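Here is what each chain is made of, one letter per residue.
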Amino acid sequence: SPPTTSPVNDIIDTSTPTTSPTVTPSLRPSSLPSSIPTLSQAPSREPTDRPSSSATPSQNPSNVPSMSPTLSFTPSAAPIQYSRPTRVDIRYIPWNELDPENQKIAMNLDYTNTTWNKYGANPIEESSWEDLTTEQTGNASLLGYDMKSWDCWINHYEGYRWIDMGQPFIQVLQWFTSLGWDIQSWTGKKEAPESDFKTWYELTSEERFSAAQLCYFRMTWNEVEVFSNGGFPIMKPDFRFDHWWKLDDEVREIAHESLKYSEITWNVLGLGAVEARDWMSLTPSEREAAESIGWNQATWDCWINHFRSYSWENLVFYGLDLDYQSLGWTDLSWDGTEDAPPSNDKTWNELNELEKQYARKLCYFEDNWDMVDITPNNGKFPHPKPKSRFAPWNELSDDEKEIAAESLQYSGKTWNSYGVAEIESKGWDELTPLQQSDAIRLGLYERTWDCFQNHYHSKRWISLEGEVRDAFRVLGWDENGWAANFRPPSYENKWGRLSEMEQTFANRICYFEDNWPGQAEEVKAENKTDASVAGDGVFDEDGTEVETGGNEEQDTSETGEKGNQIDSGSSESNTPSGTQEENSGSKWVSPAVPATLLMTAFGAWL
């Protein structure tokens, strides 16, 4: 007969577990676990303190996570994050710059002068690390390579099977897929993707990023350098080097409204604030505007920004650091920790031919390296004359007056009297960033400020450029007088009393009749009014010229309030004894200027 089931109150309370599960549960759990786990088809209600030892997972997940991770002896399905191996820089040193020992090691890897300098030309580069002989891997190791760096920087994983490239320890399949490859094109069953036939800068930004992850950069992707006319890696966008008013109306409007160019910031190459930002730093609307007039990431970053806003790490990622290193830059000088290299202070003509070659690879040429002002300049000055600076105060717009009055601290009187304002005693580098910005808004920038406003007087004699220093010598300056701020007698002459040669050299430091210091001095000495000379009148606080009689003019000029008056001391204090009489002729030549210099300067003038 079947066993009789005991009533509940007959269940025996025991302190030890039974050897096998009972048909009915006990009233309360035993104090010791059973020797084998209880089989259950559903998860427990609460997580256990440690993972279960069951060989098979439960059919349904628990509602809350376990308190410690599950132990697993197989990798998860998620890929290991890819990390590009460090570049081995010795491979990019020209053959003739390698030391003999490294040349010998390279020859053991079947390199020659030709195949070393031409990337991809040596058949050994088609082999992965595992396909090299022991002797070859030994020589490659002496050059600094291991399996990861060789397979990426030399072989670019081309020796791998398609199915291998997705393995957890490789993880490069994603980059090849981005470039358009699949198993059929990789195995030669169909044509290679379109990206394989593009030059480096013809790749899209996404393709170029993927190629860089595979240890390519411009030289290794192209295998041979591809240059457009002029030796540049990208075709020169000629419209960028047309002056402002030569642009199509639509292009000029987009450049002004969307990219915030003005006539001065367009014409002075590299001056525009937008040019200090790389493509990805532009706003979406700015990128859209730039694209509408012909830019893309490659042309903008090279021709406009020259990769200057890239971090050093980004330069390395795209191989651009090699060109900048050839110009003397390092990671420390790039981030400002150390001084910039000497090449940074050279003009284009001062660069040697090798430096010019590397600069061209960064889309530089003479005009944009020297930040030339492409404003048409048919005048006698070295730089285009800034029109707004020599417009009378009452002809300025309200915005221009506000700009001039605030950070630059002009008044109508000091604006109309050239050389009087305190701000004009400062060189460009002495202005605050705000003052520089406001000066640019008024049509002045470093070269025109230092020439037309300051006339280089804030610079040290030794730092003056050769032609500038020669101009000052012709006008009577020398190094000692410059250091003592001792103004030569020629500055006491009215413009018309300067010789033709003196006028020519005065033009080279941006002096002309209206702003020549001696113009006001001569009027003061002769006590006469010449209303035809700009700046010789008297102005009230709003810059309006006031009619005055001869006596009034004399009184006004003595207080320093006359147009063109420069508060630099009296003529007696700045002139050696006897000079006044010697200087009374109309063709005065400073005795401090050697005859040989005058002959040289005169020859240059002719």
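The rules behind the values
- Residues numbered from 1 in each chain as written.
- Predicted model: local features only at pLDDT ≥ 70, side-chain atom pairs only at ≥ 80, totals over all residues.
- Heavy atoms only, no water.
- Helix = DSSP H or I, 4+ residues; strand = E, 2+ residues; numbered from the N terminus.
- Buried < 20%, exposed > 50% of the residue type's maximum accessible area, 1.4 Å probe, protein only.
- 1 Å grid on protein atoms, 1.4 Å probe; cavity = no way out; pocket = protein on both sides within 12 Å on 5 of 7 lines; lining within 4 Å.
- Points joined across faces, edges and corners; volume = space filled by probe spheres on them.
- Nonpolar A, V, L, I, M, F, W, Y, C, P; charged D, E, K, R; others polar.
- Phe/Tyr/Trp six-rings, centres within 6.5 Å; stacked < 30°, edge-to-face > 60°.
- Lys NZ or Arg CZ within 6 Å of the ring centre and 35° of its normal.
- pLDDT = per-residue confidence, 0-100.
- Contact = heavy atoms within 4.5 Å.
- Polar contact = N/O pair within 3.5 Å; in protein donor to acceptor, adjacent residues only side chain to side chain.
- Patch = residues over 30% accessible without salt bridge, like charges linked within 9 Å, V, L, I, M, F, W, Y side chains within 5 Å.
- Areas by Shrake-Rupley, 256 points an atom, 1.4 Å probe, with all protein chains shown as cover.
- Salt bridge = Lys/Arg side-chain N within 4 Å of Asp/Glu carboxyl O.
- Lys, Arg positive; Asp, Glu negative; His and termini not counted.
- Charge placed at Lys NZ, Arg CZ, Asp CG, Glu CD.
- Disulfide = S-S within 2.5 Å.
- Arc of directions from axis to C-beta.

Trainee: If you had to explain the overall build of the protein chain to someone new, which residues and values would you point to?
Mentor: The number of helices and strands found in the protein chain is 29 helices and two strands. In the protein chain, which comprises 606 residues, the proportion classed as buried is 43%.

Trainee: Account for the layout of surface pockets, naming residues and giving values.
Mentor: Each pocket or cavity is described by its volume, and for the largest pocket that value is around 1800 Å³. Lining the largest pocket we find 44 residues, and of these Trp369, Asp370, Met371, Glu446 and Arg447 sit closest to its centre. Elements supplying a minimum of two residues to the lining of the largest pocket: α12 (297–304), α17 (366–369), α20 (433–441), α21 (446–453) and α22 (466–474). Top contributing element to the lining of the largest pocket by residue count: α21, with three residues. Here the residues of the lining of the largest pocket sort into 21 nonpolar, eight polar and 15 charged.

Trainee: Give me the packing of aromatic side chains: which residues, what numbers.
Mentor: In this structure the tally under the stated criterion is 50 aromatic pairs. Taking 6.0 Å as the distance between ring centres and 50° as the angle between the ring planes, the aromatic pair formed by Trp162 and Trp186 counts as tilted. Here the residue Trp162 occupies a position in the loop between α4 (147–154) and α5 (173–178), and Trp186 occupies one in helix α6 (residues 183–186), the gap between them amounting to 24 residues. Across the pair, exposure class does not vary: Trp162 and Trp186 are buried alike. Between Trp329 and Trp334, the ring centres sit 5.3 Å apart and the planes meet at 80°, which makes this aromatic pair edge-to-face. Here the two residues Trp329 and Trp334 agree in accessibility, since each one is buried. One Lys or Arg, Arg91, reaches over the ring of Trp116 and ends 4.5 Å from the middle of that ring.

Trainee: Residues and numbers for the confidence of the model for the protein chain, please.
Mentor: Residues with a pLDDT of 70 or more make up 72% of the protein chain, whose mean pLDDT is 81. Every residue in residues 71–78 is under pLDDT 50, and counting partners more than four places away or in other chains gives zero contacts. Within the model, the stretch residues 521–545 combines pLDDT values under 50 with 66 contacts to residues more than four positions away or in other chains.

Trainee: Describe α12, and please don't skip the residues or the numbers.
Mentor: Counted residue by residue, α12 has eight buried out of eight residues, so it is predominantly covered. The set of residues buried in α12 consists of Gln297, Ala298, Thr299, Trp300, Asp301, Cys302, Trp303 and Ile304. Turning to α12, the residues buried within the fold contact α7 (205–213), α11 (284–292), α16 (353–361) and α17. For α12, the N-terminal capping position is held by Asn296, with its side-chain oxygen 3.1 Å away from the main-chain nitrogen of Ala298. The positive-phi residue at the C-terminal boundary of α12 is His306, with phi of around 55°.

Trainee: I'd like to hear about the environment of Ser343, residue by residue, with values.
Mentor: Mapped onto the fold, Ser343 is located in the loop between α15 (331–334) and α16. Under the relative-accessibility criterion, Ser343 is labelled buried at 1%. Considered as a pair, Ser343 and Leu327 are 16 residues apart in the sequence and their alpha carbons are 6.2 Å apart. When near neighbours in sequence (up to four residues on either side) are disregarded, Ser343 contacts Leu327, Leu351, Glu355 and Trp369.

Trainee: Break down the side chain of His156 for me, citing the residues and quoting the values.
Mentor: By the secondary structure assignment, His156 is in the loop between α4 and α5. Look at His156 and you get buried, because its relative accessible area is 7%. When sequence neighbours within four positions are dropped, the list of residues in contact with His156 reads Asp151, Phe176, Leu214, Cys215 and Tyr216.

Trainee: Quick rundown of the side chain of Gln435? Include the residues and the values.
Mentor: Within the fold, Gln435 resides in helix α20. Non-local contacts of Gln435, meaning those with residues more than four positions away in its chain, are made with Ser407, Leu408 and Ile423.

Trainee: Can you lay out a negative patch on the surface for me, pointing to particular residues and giving the numbers?
Mentor: Together, Glu313, Asp331, Asp335, Glu338 and Asp339 make up a negatively charged patch on the protein surface. Here Asp331 lies in helix α15.

Trainee: Residues and numbers for the pattern of salt bridges, please.
Mentor: Evaluation of the coordinates by the stated rule reveals 18 salt bridges. The residue Asp182 makes a salt bridge to Lys190 at a minimum N-O spacing of 2.7 Å. Here Lys459 and Asp450 are joined by a salt bridge, their closest N and O atoms 3.7 Å apart.

Trainee: Now, about the state of the cysteines: what can you tell me, with residues and values included?
Mentor: The tally for this structure, following the rule as stated, stands at three disulfides. Here Cys302 pairs with Cys363 through a disulfide, and the sulfurs are 1.9 Å apart. Residues Cys302 and Cys363 are joined through a disulfide that is right-handed, its torsion about the S-S bond being 95°. In this pair, Cys302 sits in helix α12 while Cys363 sits in the loop between α16 and α17, placing the two residues 61 residues apart along the sequence. Of the two residues, Cys302 and Cys363, both sit in the buried class. With its sulfur 1.8 Å from that of its partner, Cys451 forms a disulfide with Cys510.

Trainee: Tell me about helix α9 (residues 249–257), and please be specific about residues and values.
Mentor: Residues of α9 that are buried: Val251, Arg252, Ile254 and Ala255. Down the axis of α9, the smallest arc covering the buried residues is 165°, so these residues share one side. Across α9 from its buried face, at more than 90 degrees, point the exposed residues Asp249, Glu250 and Glu253. Contacts made by the buried residues of α9 are with α10 (263–267) and α11.

Trainee: Describe in detail unusual backbone geometry, supporting the description with residues and values.
Mentor: The backbone of Asp110 sits at a positive phi, close to 70°, despite the residue not being glycine. By the element assignment, Asp110 lies in the loop between α1 (100–108) and α2 (113–117). In the Ramachandran plot, Gln171 falls in the positive-phi region, its phi being about 55° despite a non-glycine side chain. Here Gln171 is to be found in the loop between α4 and α5.

Trainee: How would you sum up the environment of Tyr358? Please name residues and give values.
Mentor: Looking at the element boundaries, Tyr358 is found in helix α16. For Tyr358, a relative accessible area of 16% gives the class buried. Placed 32 residues apart in sequence, Tyr358 and Ser326 show a C-alpha to C-alpha distance of 6.8 Å. Residue contacts for Tyr358: discarding those within four places in its chain leaves Asp323, Ser326 and Leu327.

Trainee: How would you sum up the environment of Asp399? Please name residues and give values.
Mentor: Within the fold, Asp399 resides in helix α18 (residues 398–405). Remark: the alpha-carbon pair of Asp399 and Arg441, spanning 42 residues in sequence, is separated by 9.8 Å.

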